[in-house]
Structure formats: C-alpha cells, structure tokens
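Each chain, letter by letter, is given below.
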Amino acid sequence: MDFMELMNSAEYDFLRTHPRLGKRIMLLGVSGSYGYGTDREGSDVDFRGVTLNLPSDLIGLTRFEQYEDVRTDTVIYSFVKLIHLLLNCNPNTIEILGLDEDQYLICSPLGQKLLDHRELFLSKRAAASFGYYADAQLRRLQNAMARETLSQPSREEHILRSVSHALEDFNRRHASREKNRIRLYLDRAQTSGLETEIFLDASFEHYPLRNYNELMNTLNCVIRDYDKIGKRNHKKDENHLNKHAMHLIRLFMMGIDILEKAEIHTRRSGDDRTLLLRIRNGAYMKGGVLVPEFYEIVSDYEKRFEEAGKRSLLPDAPDMERVERFVEEVNQYAIREDCE
C-alpha cells in the first residue's frame, strides 16, 4: 500500500489544514497492524504522530493533548503529552519512536531530533508499563474464555479480579499525591438478571474531579472490554480473541527488546512475525478456545520478560535533567517560530 499517496488524498486534508497540524507536525507514521508488520488483506490503516504545542499552550491559557480523526483512525499527540507518556515508557506511544525509516510519512528536523533522543525515554519503567499492558491483554483473553465456561457468579469473580488489578495500577500511579479509599467486593445482585455483582464502597478527600473521572473510566474500561466479546457471532469473537492473543505476545517481544537491548522495534520480522501471524490467523484457536500450546508460549515469554527486567542495564528512571533540556529546546523553538 502506498501510504504517502493515501496521506496526500482529500480524506487526510485535515493534516494540512488544521491549525494545530500542518507544518507543526513533527512525526507521522504508520501504526496498527501495518506498523507491526502483521497486516493482512482488509487490515485497517492507522496513523500516529506528534505535533508541536502552540505558544498559548506553553505560556498561555489554552490546553491541548491530542488531535483525533476517528474516520481515518489517526491520532496525533501534542509534544508535551507525548513526553509525559514516553517518560513512563507507555507502549502505545514508545512504538512511534521505533518504526522503520520507510514507515515515517512525515519527519521534520525536530521529529528527527526526537528520534535521535529516543534513548532518553528508555528505562526500567518499561518492565512495569509493558508488563501492565500485557497483563491487560491476558485478562481480556481470560475474561472471554470465562464467558463461555463459567457460571455468572464465577464470571463476576473473574471480572472483580480484573477490576482490582486495574485499581491497583491506578493507585500506584496516583498514590504520591491523592487520598482515596476504595473497596471492591461481591454481594447479592441488585441488577436484574444477575445472581451476584460487584459493589464499590469509597470515600474521597480533596480529590481532583478529573482524576475521579479517570478512575471511573479505568474501572469501566475493564468491564467494557469484557463485554465486547459477545456470543452472537462466534467467528467474529474468535477473530477478536486471536488479535488480543497476538498483541499479548507482541508486547512481550517489544518489552524484551527494550529491557535487554535498549532498542525499540515496532515492526516485527523473521520468526517473531511468523509467530504473530500464526496466532492472528487462528493457529492456536480450536473450537473458540485458545489451545494449551498458546498458554505455554505465553508462559515462556512471561519468564523471558521477567528475566529481561531483572538483568536490564537500563536506568531505573529517565535522566530528567537531560529530558528537561531537550523539552525546553523544542518548546522554545515552537514559541520562537510562531513569533517570527
């Protein structure tokens, strides 16, 4: 597929006409299955990128985090938001820095400078971030399997474990500055059609409303992911499960590369690509259930990932002084360019 031709089509005019994009775009690359090298006939095209903040975002009152065009599945982060995500080695954004050269459709001089500084964002935090995202993928698979084999009360217990994991991660990320008490538990259902259901007891003190919304969205997201895989179209359900299974292994592959080699490889090749495509194409799915051999592969990658985290020579956290110097340099350019 000619991605450059696609990007220059009328469908993507927003890239050229939107005041926050145009010449302000630092990087724009291919994402999703085409970015990972796991595309097949009918795969969607996803673009991801980063754009400079406006001066008013940096020294004024405006605020901008990302531009999203749902129709074309394009997401472009502001530089400032991207940096905050990269500092935690967020898998959905660190992959933007690990594309092959031919996968970048836009790479400005500042975009190239960002790529040249990618090592700034590689730290042992990758073990937690990639581990968390891989765990989320595994929970989606386990939840889906549970829907077919467990009773409603047992399924609700399964969801409770998943929600509790998500709550633990949220509290880990916000514990330094916020106070809250939340208890999740099962009890006799009040919702029609359920025998048992999850309840929440909570108290908040001086709690930011935006973070409360984030918390509720985090918990709801787990339940929403569980409910996405329905029973009406088993073939479609299997396709979703195969995709989740593939991404689980892909996350381990990328995480191991970062922790062992301090390298970001978004597009998989060779044996990695072969395995991912076999998973995606249903080689480990029998009768709507992932076969034991797949979970043996998961176990092997989990062990390799854990060992990579233990042996990693990466720093515990990014060098914030270097990061701040780089960010200041880019943001000063963003302000100066608009003023000239």
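Residues numbered from 1 in each chain as written. Predicted model: local features only at pLDDT ≥ 70, side-chain atom pairs only at ≥ 80, totals over all residues. Heavy atoms only, no water.

Quick word on the overall build of the protein
Reasoning step 1: Of the regular secondary structure elements, the protein holds 14 helices and nine strands.
Reasoning step 2: Since a compact globule built from 340 residues should have a radius of gyration of about 20 Å, the 21 Å found for the protein is in line with a globular shape.
Reasoning step 3: In the protein, buried positions account for 47% of the 340 residues.
Reasoning step 4: Looking at the protein alone, contacts between residues at least 24 apart form 71% of all its contacts between residues at least 6 apart.
Reasoning step 5: Carbon and sulfur atoms provide 48% of the accessible area of the protein, an area that totals close to 18,000 Å².
Reasoning step 6: Both charge centroids of the protein, one from 48 positive and one from 56 negative side chains, sit 3 Å from each other. (Helix = DSSP H or I, 4+ residues; strand = E, 2+ residues; numbered from the N terminus. Rg over C-alpha atoms; globule rule 2.2 N^0.38 Å. Buried < 20%, exposed > 50% of the residue type's maximum accessible area, 1.4 Å probe, protein only. Contact = heavy atoms within 4.5 Å. Areas by Shrake-Rupley, 256 points an atom, 1.4 Å probe, with all protein chains shown as cover. Lys, Arg positive; Asp, Glu negative; His and termini not counted. Charge placed at Lys NZ, Arg CZ, Asp CG, Glu CD.)

Section: the side chain of R20
Reasoning step 1: Tracing the backbone shows R20 in the loop between α2 (14-17) and β1 (25-31).
Reasoning step 2: Contact partners of R20, with chain neighbours within four places excluded, come to T51, L52, L54, D57, T62, R63 and F64.

With respect to helix α12 (residues 270-280)
Because each turn of an α-helix spans 3.6 residues, side chains separated by three or four positions end up pointing in the same direction.
Reasoning step 1: For α12, every residue scored as buried is listed here: L275, L276, L277, I279 and R280.
Reasoning step 2: In the stretch just after α12, G282 is the one whose phi turns positive, near 90 degrees.

Some points on a nonpolar patch on the surface
Reasoning step 1: Residues F204, L209 and Y212 make up a contiguous nonpolar surface patch of roughly 280 Å² in combined accessible area.
Reasoning step 2: Tracing the backbone through its elements, the reader meets F204 in strand β7 (residues 196-205). (Patch = residues over 30% accessible without salt bridge, like charges linked within 9 Å, V, L, I, M, F, W, Y side chains within 5 Å. Salt bridge = Lys/Arg side-chain N within 4 Å of Asp/Glu carboxyl O.)

Structural notes on unusual backbone geometry
Reasoning step 1: In this structure, D73 is a non-glycine residue whose phi angle is positive, near 55 degrees.
Reasoning step 2: Mapping D73 onto the fold places it in the loop between β3 (66-69) and β4 (74-78).
Reasoning step 3: You can call D73 partly exposed: its relative accessible area is 29%.

Here's the deal with the pattern of salt bridges
Reasoning step 1: Evaluated as defined, the whole model comprises 20 salt bridges.
Reasoning step 2: Residues E65 and R63 are paired through a salt bridge, measuring 3.2 Å at the closest nitrogen-oxygen approach.
Reasoning step 3: The class of R63 is exposed, set by a relative accessible area of 62%.
Reasoning step 4: Linking R267 and D100 is a salt bridge whose minimum nitrogen-to-oxygen distance equals 2.8 Å. Pair noted here: R267 is in the loop between α11 (234-261) and α12 and D100 is in the loop between α6 (91-94) and β5 (104-107), with a separation of 167 residues, a long-range link.
Reasoning step 5: According to the relative accessible area criterion, R267 is partly exposed, its value standing at 29%.
Reasoning step 6: According to the relative accessible area criterion, D100 is partly exposed, its value standing at 30%.
Reasoning step 7: Look at the salt bridges and you will find they share partners, linking E260, E306, E307, K310 and R311 into a network.

As for the state of the cysteines
Reasoning step 1: For the structure on display, the rule yields zero disulfides.
Reasoning step 2: Of all cysteine sulfurs in the structure, the one in C107 sits closest to C89, which takes part in no disulfide; the separation is 20 Å. (Disulfide = S-S within 2.5 Å.)

Quick look at the pairing of β4
Reasoning step 1: Within β4, five of the five residues are buried, which leaves the element mostly enclosed by the surrounding structure.
Reasoning step 2: Sheet analysis places strand β2 (residues 46-51) next to β4, joined by five bridges and oriented parallel. Residue pairing in the sheet places V50 in a bridge with Y77 of β4.
Reasoning step 3: For β3 and β4, the ladder comprises four bridges, and the chain directions are antiparallel. Bridge assignment links D69 to a residue of β4, and that residue is T74.
Reasoning step 4: The turn joining β3 and β4, which pair antiparallel and follow one another in sequence, is formed by four residues; a positive phi near 55 degrees is taken by D73. (Pairing = 2+ DSSP bridges.)

Notes on a negative patch on the surface
Reasoning step 1: Negative charge collects at one region of the surface, where D319, E321, E324 and E328 lie side by side.
Reasoning step 2: For D319, the location among the structural elements is in the loop between α13 (292-311) and α14 (320-339).

Brief notes about the packing of aromatic side chains
Geometrically, a pair of aromatic rings is defined through the distance of the ring centres and the angle of the planes.
Reasoning step 1: Summed over the entire model, instances satisfying the criterion amount to 13 aromatic pairs.
Reasoning step 2: Residues F204 and Y212 carry aromatic rings whose centres are separated by 5.4 Å and whose planes lie at 85 degrees to one another, so their mutual orientation is edge-to-face.
Reasoning step 3: Classification of F204 as partly exposed rests on a relative accessible area of 32%.
Reasoning step 4: The exposure class assigned to Y212 is partly exposed, which follows from its relative accessible area of 31%.
Reasoning step 5: Ring-pair connections join several aromatic residues into one group, and the members of that group are F3, Y12, F14, Y34, F47 and Y67.
Reasoning step 6: Above the ring of Y301, the side-chain terminus of R304 is found at 4.6 Å from the ring centroid. (Phe/Tyr/Trp six-rings, centres within 6.5 Å; stacked < 30°, edge-to-face > 60°. Lys NZ or Arg CZ within 6 Å of the ring centre and 35° of its normal.)

Notes on the nonpolar core
Reasoning step 1: In terms of nonpolar packing, the biggest core is built from 60 residues, with I94, F121, I249 and F294 touching the most fellow members.
Reasoning step 2: Ranked by residues supplied to this core, first place goes to α11 with twelve residues.
Reasoning step 3: When near neighbours in sequence (up to four residues on either side) are disregarded, F121 contacts I83, L86, L87, C89, I94, L97, L114 and V323.
Reasoning step 4: Core analysis: the next-biggest nonpolar cluster, separate from the first, contains 16 residues, L28, V30, V45 and L105 among them. (Core = buried A, V, L, I, M, F, W, Y, C linked by side-chain atoms within 4.5 Å.)

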